[in-house]
Amino acid sequence: MYNKKVVVGLSGGVDSSTAAAILHHQGYEVIGLTLWLMKGKGQCCSEGMIDAANICEQLGVPHEIVDIRELFQTNIVDYLVSGYSAGITPLPCSQCNKTVKFGPMVQYAREKLQCHRIATGHYAQINYDQVTGRYQLLRAVDRNKDQSYFLYDLSQELLAATIFPLGKLQKAETRRIAAEYHLTTADKPESQDLCLVETNGSMRAFLDKYLAPKPGEIVDTSGKVLGHHDGVHHYTIGQRKGLGIAAPEPLYVIALDAVNNKVVVGDRTTATLPECTVNQVNWVSIAEPSTPIQAEVQIRYRSQPTPVTVIPLENSRVRLVFAQPQFSITPGQAAVWYEGEKVLGGGIIEQFT
Ligand SMILES: Nc1ncnc2c1ncn2[C@@H]1O[C@H](COP(=O)(O)OP(=O)(O)OP(=O)(O)O)[C@@H](O)[C@H]1O
């Protein structure tokens with residue numbers, strides 16, 4: 001008889017398959033759950049659902065499919081399209097984790113399956129701190145696969161309900177375990193970083209399906225016209241390639257002025273800033289502090305953690321003051337600050353005024 005029940009989010013990839021197999025072999029009563037996110041073929045769509053069903057059949061566990069395509073369209077696709085057209089570079093993954101994956105999965109598990117735990121194949125760790133009574137979010141042991149940056153926005157309630165069976169594993173160990181259990185997904189290639197974009201496609205091609213070209217000027221900081229663009233949504237802060245401007249020094253996008261339909265460029269120094277403001281902050285491993293704290297921040301998924309002073313402001317905002325000015329701070333992306341392996345908090349980089 002099982003005494004532990006868990007709903008495992010199955011995308012049809014090797015990571016979630018292995019997470020399910022590990023829990024199954026540990027004696028959990030596993031229920032596989034695949035969220036149907038998008039129309040068409042692809043990782044989280046028809047192919048993924050079939051692979052996930054095969055894994056459940058192999059493990060001899062039930063498989064549920066929940067159709068949340070409308071929610072995904074509103075919370076992710078529309079959010080991306082409106083963000084890009086407003087001159088920001090939104091980060092879909094943390095938004096997706098909170099509002100599309102973890103929230104609906106926990107709710108479905110509780111209401112429909114009378115189950116209070118979920119698990120995913122994310123590479124990150126959760127630790128309950130007895131002293132503060134908070135659930136802490138930690139980096140994965142495999143630093144190369146670490147996904148804690150994308151999970152900073154999970155609430156205490158969601159962290160309390162979640163298990164990450166792969167948090168202590170190296171990716172190579174996951175593959176080895178998948179092969180040991182003869183999982184049908186053991187040799188499946190890695191999924192793409194951006195699941196929305198079709199194989200070999202680009203963000204540009206994805207956006208072009210929704211946004212018409214909107215030609216405008218490329219200007220320098222004094223307003224001098226240096227060239228032309230076909231829509232601010234095709235650009236991101238820090239971008240150097242594809243500007244089509246011949247200049248003695250390399251030029252970078254330093255601002256996207258969607259209101260006036262202008263792309264502003266400058267040299268590397270003008271694209272480097274000492275501070276920025278972050279909103280929609282979620283404090284994870286610690287409660288919101290009342291005074292500034294020292295931490296290390298990542299302003300992009302793959303950026304190096306860098307020393308920062310985090311100054312709490314009102315209305316879930318903070319000011320980040322970097323020890324060293326940072327290149328290409330991008331409104332819409334997440335800034336996530338850590339103490340060692342621990343995610344202290346994170347939020348969305350605000351547009352500069
Ligand atoms: N459509 C989905 N339905 C249910 N759970 C999902 C879905 N997509 C992703 N997940 C869960 O979120 C985890 C992380 O998703 P991500 O897109 O980062 O995939 P991944 O790291 O390549 O993992 P995998 O190899 O399992 O696809 C997955 O391991 C899975 O548990």
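What counts and what doesn't
Residues numbered from 1 in each chain as written. Predicted model: local features only at pLDDT ≥ 70, side-chain atom pairs only at ≥ 80, totals over all residues. Heavy atoms only, no water. UniProt positions renumbered as here; feature names shortened; annotations may be inferred. Helix = DSSP H or I, 4+ residues; strand = E, 2+ residues; numbered from the N terminus. Buried < 20%, exposed > 50% of the residue type's maximum accessible area, 1.4 Å probe, protein only. Contact = heavy atoms within 4.5 Å. Salt bridge = Lys/Arg side-chain N within 4 Å of Asp/Glu carboxyl O. Polar contact = N/O pair within 3.5 Å; in protein donor to acceptor, adjacent residues only side chain to side chain. Arc of directions from axis to C-beta. Near = heavy atom within 4 Å. Nonpolar A, V, L, I, M, F, W, Y, C, P; charged D, E, K, R; others polar. Pairing = 2+ DSSP bridges. Axes fitted to C-alpha atoms, helices over the stretch in contact; angles between N-to-C directions. Phe/Tyr/Trp six-rings, centres within 6.5 Å; stacked < 30°, edge-to-face > 60°.

## What to know about the UniProt feature "binding site: ATP" (unreviewed entry) in the protein chain
Piece 1. In this numbering, the UniProt entry assigns the feature "binding site: ATP" (unreviewed entry) to Gly 9, Leu 10, Ser 11, Gly 12, Gly 13, Val 14, Asp 15, Ser 16, Leu 35 and Gly 121.
Piece 2. Mapped onto the elements, Leu 10 comes out in the loop between strand S1 (5-9) and helix H1 (14-25).
Piece 3. A residue is classified by how much of its surface remains accessible, and Leu 10, at 4% relative accessible area, is buried.
Piece 4. Beyond its immediate sequence surroundings of up to four residues, Leu 10 is in contact with Ser 16, Ser 17, Ala 20, Gly 32, Leu 33, Thr 34, Ala 52 and Cys 56.
Piece 5. On the accessibility criterion, Leu 35 (11% relative accessible area) is buried.

## Describing the pattern of salt bridges
Piece 1. According to the stated counting rule, one finds 16 salt bridges in the structure shown.
Piece 2. Where Lys 171 meets Asp 15, a salt bridge forms, and the shortest distance between an N and an O atom there is 2.9 Å. Of this pair, Lys 171 sits in helix H6 (residues 171-180) while Asp 15 sits in helix H1, placing them 156 residues apart in sequence.
Piece 3. For Lys 171, a relative accessible area of 12% corresponds to the buried category.
Piece 4. Of the charged contacts, one joins Glu 190 and Lys 145 as a salt bridge, the two residues approaching to 3.0 Å between their closest N and O atoms. Note that Glu 190 is positioned in the loop between H6 and helix H7 (203-208) and Lys 145 in the loop between strand S6 (134-138) and helix H5 (156-160), a separation of 45 residues in sequence.
Piece 5. Classification of Glu 190 by relative accessible area gives partly exposed; the value is 42%.
Piece 6. Put simply, Asp 15, Lys 145, Lys 171, Arg 175 and Glu 190 are held in one network by salt bridges that share partners.

## A look at the UniProt feature "site: Interaction with tRNA" (unreviewed entry) in the protein chain
Piece 1. Residues annotated by UniProt as "site: Interaction with tRNA" (unreviewed entry) correspond here to His 122 and Gln 333.
Piece 2. Turning to its location among the elements, His 122 is positioned in the loop between strand S4 (118-119) and strand S5 (125-129).
Piece 3. Residues within four places of His 122 in sequence aside, it is in contact with Asn 97, Phe 102, Gln 147, Leu 151, Phe 164, Leu 166 and Gly 167.
Piece 4. Of the polar contacts made by the side chain of His 122, one reaches the side chain of Thr 120; its length is 2.8 Å.
Piece 5. In this fold, Gln 333 is placed in the loop between strand S15 (317-327) and strand S16 (334-339).
Piece 6. The residues contacting Gln 333, other than those within four sequence positions of it, are Thr 89, Pro 90, Leu 91, Tyr 149, Ile 299, Gly 347, Ile 348 and Ile 349.

## Here we look at unusual backbone geometry
Piece 1. One non-glycine residue, His 182, adopts positive backbone phi at about 55°.
Piece 2. Within the secondary structure, His 182 is located in the loop between H6 and H7.

## A word on H6
Piece 1. Looking only at H6, the buried set comprises Lys 171, Thr 174, Ile 177 and Ala 178. All buried residues of H6 fall inside an arc of 120° around its axis, so they share one side.
Piece 2. Against H1 lie the buried residues of H6.
Piece 3. Note on H6: the residue one or two positions beyond its end, His 182, has a positive phi of about 55°.

## Some remarks on the site of the ligand
Piece 1. Close to the ligand lie 19 residues; Gly 9, Ser 11, Ser 16, Leu 35 and Ser 191 are nearest.
Piece 2. Residue Asp 15 places a main-chain N or O atom 2.9 Å away from an oxygen atom belonging to the ligand.
Piece 3. One nitrogen or oxygen atom from the side chain of Gln 147 is found 3.0 Å from an oxygen atom belonging to the ligand.
Piece 4. Elements that contribute at least two residues to the shell around the ligand include exactly H1 and strand S2 (29-36).
Piece 5. Partitioning the shell around the ligand into residue classes produces six nonpolar, eleven polar and two charged.

## Concerning the sheet that holds strand S11 (residues 262-266)
Piece 1. Here we have four strands laid out as an open sheet, ordered S9-S8-S11-S10, and mixed in their pairing. The open sheet has two free edges, formed respectively by strand S9 (225-229) and strand S10 (252-257), since each of these has just one partner strand. Between one strand axis and the next, the sheet turns by 30° as a mean value, whatever way the strands run.

## Section: the packing of aromatic side chains
Piece 1. In total, this model carries eight aromatic pairs according to the counting rule given.
Piece 2. A ring pair is formed by Tyr 149 and Phe 150, whose centres lie 5.4 Å apart and whose planes are at 80°; its orientation type is edge-to-face.
Piece 3. Considering the side-chain rings of Phe 150 and Tyr 301, the 4.4 Å spacing of their centres and the 40° angle between planes classify their relative orientation as tilted. Of this pair, Phe 150 sits in the loop between S6 and H5 while Tyr 301 sits in the loop between strand S13 (293-298) and strand S14 (306-313), and the two are 151 residues apart along the sequence.

## A short note on the environment of Val 343
Piece 1. Residue position: Val 343 is located in strand S17 (residues 342-349).
Piece 2. Through-space distance from the C-alpha of Val 343 to that of Trp 283 is 8.5 Å; in sequence the pair is 60 residues apart.
Piece 3. Discounting chain neighbours no more than four positions away, the residues touching Val 343 are Leu 137, Ser 148, Tyr 152, Val 284, Ser 285, Val 336, Trp 337 and Tyr 338.

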